[in-house]
Amino acid sequence: MVARKELSEAEVDRVFQALATSTRRDILRRTIEREQSVSTLAAEYEMSFAAVQKHVAVLEAANLIVKRAEGRERLVRANPEMIARARALLARYEELWRSRIARLDDLLAETPAGRPDSDTTDNARENPGD
């Protein structure tokens, strides 16, 4: 099986929507550390079990976590492949941003404040026939 590297626009939207709340980021962090039951996850939050289940469902829809049944329990673990794909997307954004900043730095370094050399301009005005 060949792993896809690029995230589709829909996947990007789901990943960032899933990571938009601190509770879901915390659930993801906890499931990166170790696989846990939804019940164990829910015990840590001051919200209903159903609310935690909804957060887990959003993370699962974004493919950031994987849920499996073991008897009557539902165990949740992070999906390192999707996390790596999201990290790669952010790394590409960072690379783009850094290259733009580097180009801007180069332009600003060419001349003071990005303007033509003032000595050359002043000489051309004083001696137009030279």
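Structure: above.
Starting from 1, residues in each chain are numbered consecutively following that chain's sequence as written. pLDDT decides what is reported in this predicted model: residues at 70 or higher carry local features, side-chain atom pairs at 80 or more are listed and counted, and totals for whole chains, interfaces and linings draw on all residues regardless. To get the side-chain values, all heavy atoms of the structure are used, and hydrogens and water are removed first.

Chemist: What's the story with the pairing of strand β2 (residues 65-70) in this structure? I'm lost.
Modeler: For a regular strand, the rule is simple: side chains alternate between the two faces of the sheet. Of the strand pairs in this sheet, β2 and strand β3 (residues 73-78) are connected by 6 bridges, and their pairing is antiparallel. Bridge pairing in β3 links Val66 to Arg77. Should DSSP find at least two bridges between two strands, the strands are taken to pair. Only runs of H or I of at least four residues qualify as helices and only runs of E of at least two qualify as strands under DSSP, and these elements are numbered from the N terminus. What sits between β2 and β3 in their antiparallel hairpin is a turn of 2 residues, with Gly71 showing a positive phi close to 65°.

Chemist: Just checking my understanding: could you explain the sheet that holds strand β1 (residues 36-37) for this structure?
Modeler: Strands in a sheet are paired, the pairing made by backbone hydrogen bonds, and the direction either parallel or antiparallel. Read across the sheet, 3 strands follow the order β1-β3-β2 without closing on themselves; strand pairing throughout is antiparallel. Of all the strands in the sheet, the pair left with one neighbour each is β1 and β2. Inspection of the sheet shows β1 paired to β3 by 2 bridges, in the antiparallel sense. The residue bridging Gln36 from the neighbouring strand is Val76, located in β3. Docked against the sheet, helix α2 (residues 22-33) engages β1, β2 and β3, running at close to 90° with respect to β3. We call two residues in contact whenever any of their non-hydrogen atoms come within 4.5 Å of each other. Helix axes use the C-alpha atoms of the stretch in contact, all axes being lines fitted to C-alpha atoms, and the angles between their N-to-C directions lie in the range 0 to 180 degrees. The strands touched by helix α4 (residues 49-61) are β2 and β3; relative to β2, the strand with the most contacts, the crossing angle is about 120°.

Chemist: How should I be thinking about the nonpolar core in this particular structure?
Modeler: It is characteristic of soluble globular proteins that their nonpolar side chains tend to be buried jointly. Counting residues in each nonpolar core, the largest one holds 21 residues, and the members touching the most others are Ile27, Val52, Val56 and Leu64. For this core, the secondary structure elements donating two or more residues are α1 (9-18), α2, α3 (38-43), α4, β3 and α5 (80-110). Setting aside chain neighbours within four positions, we find Val52 in contact with Ile27, Val38, Leu41, Ala42, Tyr45 and Met47. Side-chain atoms within 4.5 Å are what join buried Ala, Val, Leu, Ile, Met, Phe, Trp, Tyr and Cys residues into a set we call a nonpolar core. Burial status follows relative accessibility: with a 1.4 Å probe on protein chains alone, a residue under 20% of its type maximum counts as buried, one over 50% as exposed, and anything between as partly exposed.

Chemist: Would you explain α1 in this entry?
Modeler: Each full turn of the α-helix corresponds to 3.6 residues, which orients residues three or four apart in the same direction. Every buried residue of α1 is listed here: Glu11, Val12, Val15 and Ala18. Projected onto a plane normal to the axis of α1, the buried residues spread over an arc of 135° and lie on a single side. Of the exposed residues in α1, the ones pointing more than 90 degrees away from its buried face are Glu9, Asp13 and Gln17. Where α1 is buried, its residues touch α2, α4 and α5. Starting at the helix axis, one direction is taken to each C-beta atom, and the arc is that of these directions.

Chemist: It is not clear to me how the environment of Glu6 should be interpreted in this structure. Could you clarify?
Modeler: The residue Glu6 is located in the segment before α1 in this model. Residues Glu6 and Ala86, 80 residues apart in the sequence, show an inter-C-alpha distance of 8.9 Å. Glu6 has contacts with Glu11, Arg85 and Arg92, leaving out every residue within four places of it along the chain. For the purposes of these results, a polar contact is taken to be a pair of N or O atoms within 3.5 Å, where, inside protein, one atom must be able to donate a hydrogen and its partner to accept one; residues adjacent in sequence count only when each atom of the pair is a side-chain atom. Reaching out from Glu6, the side chain makes a polar contact with the side chain of Arg92 at a distance of 3.4 Å.

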